[in-house]
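Below are the chains, spelled out letter by letter.
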Amino acid sequence: MNVPKYYIWTIGCQMNKAESQRVADYLEVLGYKAAPVLQSADLVVLNTCVVRQSAESKVIGTLGYLKGVKYEKPDFSILVTGCFVDSDVKRLEHNFPQVDLFFKPGDYIGLRNWAKEKGIDILEDITSLSSAKNVAVSAFVPIIQGCNNFCSYCIVPYRLGRERSRPIEDVVREVTELVRRGAKEATLLGQNVNSYGHDLPSQPDLGTLLTELNCVEGLARIRFLTSHPKDVTQKFIRDIASLTNVCEYMNLPLQAGDNDVLKAMRRGYTVEQYRQLVGNIRNCISGIALGTDVIVGFPGESEEQFERTLAMLEDIRFDTVHVAAYSPRPNTIAARKYDDNVSPDTKKERLNKVETLQAKVAGDINSWLKGEKVEVLVEGNKSGKWYGRTRNNKLVFFESDADCLGQLVDVTITKTSPWALQA
Ligand code: SAM
Ligand code: SF4
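Residues numbered from 1 in each chain as written. Chains lettered and ligands numbered in written order. Predicted model: local features only at pLDDT ≥ 70, side-chain atom pairs only at ≥ 80, totals over all residues. Heavy atoms only, no water.

(A) Representation of the pairing of strand 15 (residues 385-389). By the alternation rule, side chains of strand 15 split into Trp386 and Gly388, which are all buried, and Lys385, Tyr387 and Arg389, of which none is buried. Across five bridges, strand 14 (residues 373-382) lies against strand 15 in antiparallel orientation. The residue bridging glycine 380 from the neighbouring strand is tyrosine 387, located in strand 15. Hairpin connection from strand 14 to strand 15: two residues lie between these consecutive antiparallel strands, with serine 383 at a positive phi of about 45°. Examined bridge by bridge, strand 15 and strand 16 (residues 395-398) share four bridges and lie antiparallel to one another. The residue of strand 16 that forms the bridge with glycine 388 is valine 396. Linking strand 15 back to strand 16 in an antiparallel pair, the connection comprises five residues, with asparagine 393 at a positive phi of about 75°. (Buried < 20%, exposed > 50% of the residue type's maximum accessible area, 1.4 Å probe, protein only. Helix = DSSP H or I, 4+ residues; strand = E, 2+ residues; numbered from the N terminus. Pairing = 2+ DSSP bridges.)

(B) Highlighting the domain arrangement of the protein chain. Each assigned domain of the protein chain is listed with its residue range as follows: domain 1 (5-125), domain 2 (135-367) and domain 3 (373-422). Distance between the C-alpha centres of domain 1 and domain 3: 34 Å. (Domains from an automatic or database assignment.)

(C) Expanded view of helix 7 (residues 206-213). All of the buried residues along helix 7 are Leu206, Gly207, Leu209, Leu210 and Leu213. Along the long axis of helix 7, the arc covered by the buried residues comes to 160°, so they all point the same way. Where helix 7 is buried, its residues contact helix 6 (168-180), strand 9 (185-189), strand 10 (221-225) and helix 8 (234-242). (Arc of directions from axis to C-beta. Contact = heavy atoms within 4.5 Å.)

(D) Summary view of the site of ligand 1. Near ligand 1 you find 17 residues, and of these Tyr153, Gln191, Gln255, Asp293 and Ser327 are the closest. In the model, an oxygen atom of ligand 1 is placed 2.7 Å from a nitrogen or oxygen of the glutamine 255 side chain. Backbone polar atom of serine 327 to a nitrogen atom of ligand 1: 2.8 Å apart, as the coordinates give it. If ligand 1 stood free it would expose 560 Å²; the protein chains cover 90% of that surface. (Near = heavy atom within 4 Å. Polar contact = N/O pair within 3.5 Å; in protein donor to acceptor, adjacent residues only side chain to side chain. Areas by Shrake-Rupley, 256 points an atom, 1.4 Å probe, with all protein chains shown as cover.)

(E) Quick peek at the site of ligand 2. Around ligand 2, the neighbouring residues are Cys147, Asn149, Phe150, Cys151, Tyr153, Cys154, Val156, Pro157, Gln191, His228 and Arg267. The residue makeup of the shell around ligand 2, split by class, is seven nonpolar, three polar and one charged. (Nonpolar A, V, L, I, M, F, W, Y, C, P; charged D, E, K, R; others polar.)

(F) Local environment of the side chain of threonine 292. Following the sequence through the fold, threonine 292 ends up in strand 12 (residues 289-296). Residue threonine 292 is classed as buried on the basis of its relative accessible area of 0%. Side-chain polar atoms of threonine 292 contact the backbone oxygen of leucine 252, separated by 2.7 Å. Not counting the four nearest positions on each side in its chain, threonine 292 is found in contact with Asn251, Leu252, Pro253, Leu254, Tyr274, Leu313, Phe318, Thr320, Val321 and His322.

(G) Layout of the sheet that holds strand 9. Pairing is parallel in the open sheet, where three strands are placed in the order 6-9-10. A single partner strand is all that each edge strand has here, and the edge strands are strand 6 (138-142) and strand 10. On average, each strand axis in the sheet is inclined to that of its neighbour by 25°, with strand direction left out of account. Helix-sheet contacts for helix 6 involve strand 6 and strand 9, and the interaxial angle to strand 6 is about 165°. (Axes fitted to C-alpha atoms, helices over the stretch in contact; angles between N-to-C directions.)

(H) Here's a closer look at the pattern of salt bridges. Throughout the structure, instances matching the rule amount to 25 salt bridges. For the salt bridge of aspartate 239 with lysine 235, the shortest nitrogen-to-oxygen distance reads 2.7 Å. Of this pair, aspartate 239 and lysine 235 are both found in helix 8, four residues apart, which corresponds to roughly one turn of the helix. Given the relative accessible area of 38%, lysine 235 is considered partly exposed. A salt bridge links lysine 394 to aspartate 319, with the shortest nitrogen-to-oxygen separation between them at 2.7 Å. On the criterion of sequence distance, the pair formed by lysine 394 in the loop between strand 15 and strand 16 and aspartate 319 in the loop between helix 11 (303-316) and strand 13 (320-325) is long-range, its members being 75 residues apart. Several salt bridges converge on common partners, so that one network encompasses Arg22, Arg166, Asp170, Arg173 and Glu174. (Salt bridge = Lys/Arg side-chain N within 4 Å of Asp/Glu carboxyl O.)

(I) A look at the packing of helix 8 against helix 10 (residues 271-284). The N-to-C vectors of helix 8 and helix 10 enclose an angle of 25°; their axes lie 10 Å apart at closest approach. By the angle between their axes, helix 8 is roughly parallel relative to helix 10. As for the relative orientation of helix 8 and helix 10, their crossing is right-handed in sense. Note on element contacts: helix 10 touches helix 8 through Leu277, Asn280, Ile281 and Cys284, opposite Gln234, Ile237 and Ala241. (Parallel < 35°, antiparallel > 145°, perpendicular 65-115°, else oblique. Left-handed = near helix turned anticlockwise from the far one by under 90°.)

(J) Local environment of the nonpolar core. In this structure, Leu188, Leu206, Leu209, Leu210 and Phe224 are the most contacted members of the largest nonpolar core, which totals 95 residues. It is helix 6 that provides the largest number of residues to this core, a total of six residues. Core analysis: the second largest hydrophobic core is formed by 18 residues, Tyr6, Leu27, Leu79 and Ala115 among them. (Core = buried A, V, L, I, M, F, W, Y, C linked by side-chain atoms within 4.5 Å.)

(K) Looking closely at the sheet that holds strand 1 (residues 5-10). Strand order in the open sheet made by the five strands is 2-1-3-4-5, with parallel pairing throughout. This sheet does not close on itself; its edge strands, each paired only once, are strand 2 (33-34) and strand 5 (101-102). In the packing of helix 1 (residues 14-29) onto the sheet, contacts are made with strand 1, strand 2 and strand 3 (43-48), and the angle to strand 1 comes to roughly 170°.

What follows is the structure in structure tokens.
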């Protein structure tokens, strides 16, 4: 009998990439094998994102393409997960009749029931991850789903619902299992990992979870992503400073460098509080690298307000900046309250200015690393070069005849650029 094959199409953030890995694990438990390309698959899973209109349009375009594939191959199955799947599944089923199943991220029971109805023999208990398959050196582990913040521009709380933390034991068990299967690094994921635990009975915080994970034998490095600045406490900074396996990198989305814009975004902090936080973090954790997210062209953002954001980026000197042009999302507070009145050309221009500035800043920061010895956790090999990251999240490429996969290797930096280092 031919083994059925799956293909996973993913768009969006790290959370989605992590979720796709889990869906792949579950499909393998169901007896599927990975297909190298979509065209040779019997089943495709679209793991979707609707944070920006451009991403949603790509999802709809791909669903249109798949309608044609299904017409040619009626046995082809189309499954859709991610934040495109809202609570009105009936409407989605009506609008996209080519789709066999819409399921919310993490709803493996729905996936299992669908497989049962299709008459697929389930090889193992789908709720366990006990497959013997090896995993990547660096694994992503969701620890909190959803978001309670309702930043005015953001669709996430509407699509993914309120915050739900996974119990500590669950996370520790999963990480221990991933390490047994070959992982050396775990990145804990959530829209706001710093609100982890408030909804659990014993109300642990992220520091407590990291402290437990710091003791997992064989786990060399721990990362976490994303931290909402309003929830990063002094205790947390002290906690991570003292944990040897927790890496010196934090993603701290700023979004804007002007207090009126921050207020309209409902971010819950001021420019002054953000600067103070960065100062505290840098004082306590030497060598820490910082990443951030910025939105340009938020409704009403004036040239002066944008210039304040730019000046703040220049002043703080982040290691990485993800910049996005504001995109109005249905039902969000900003879309209901404000006109999207910054023109597409102005948004593009501001976006380019941020990218140009950041290339210069990151180029400068990285140039200081030339000649330095750094420790790299090797994640793979691309075109004959090994690659991996430093503890503070710099991507490094180097050559070696040895099998370096999964090893912590000390290398000396020979060449730098804003985006990667050669060693
Ligand atoms: N939870 C994180 C935080 O506190 O910022 C980030 C999660 S959000 C889904 C990822 C990034 O997408 C945000 O940091 C923001 O820069 C961007 N984003 C979200 N909504 C957006 C919108 N309507 N238009 C443009 N960018 C948006
Ligand atoms: Fe969206 Fe704000 Fe929640 Fe981040 S913290 S997911 S930007 S609502």
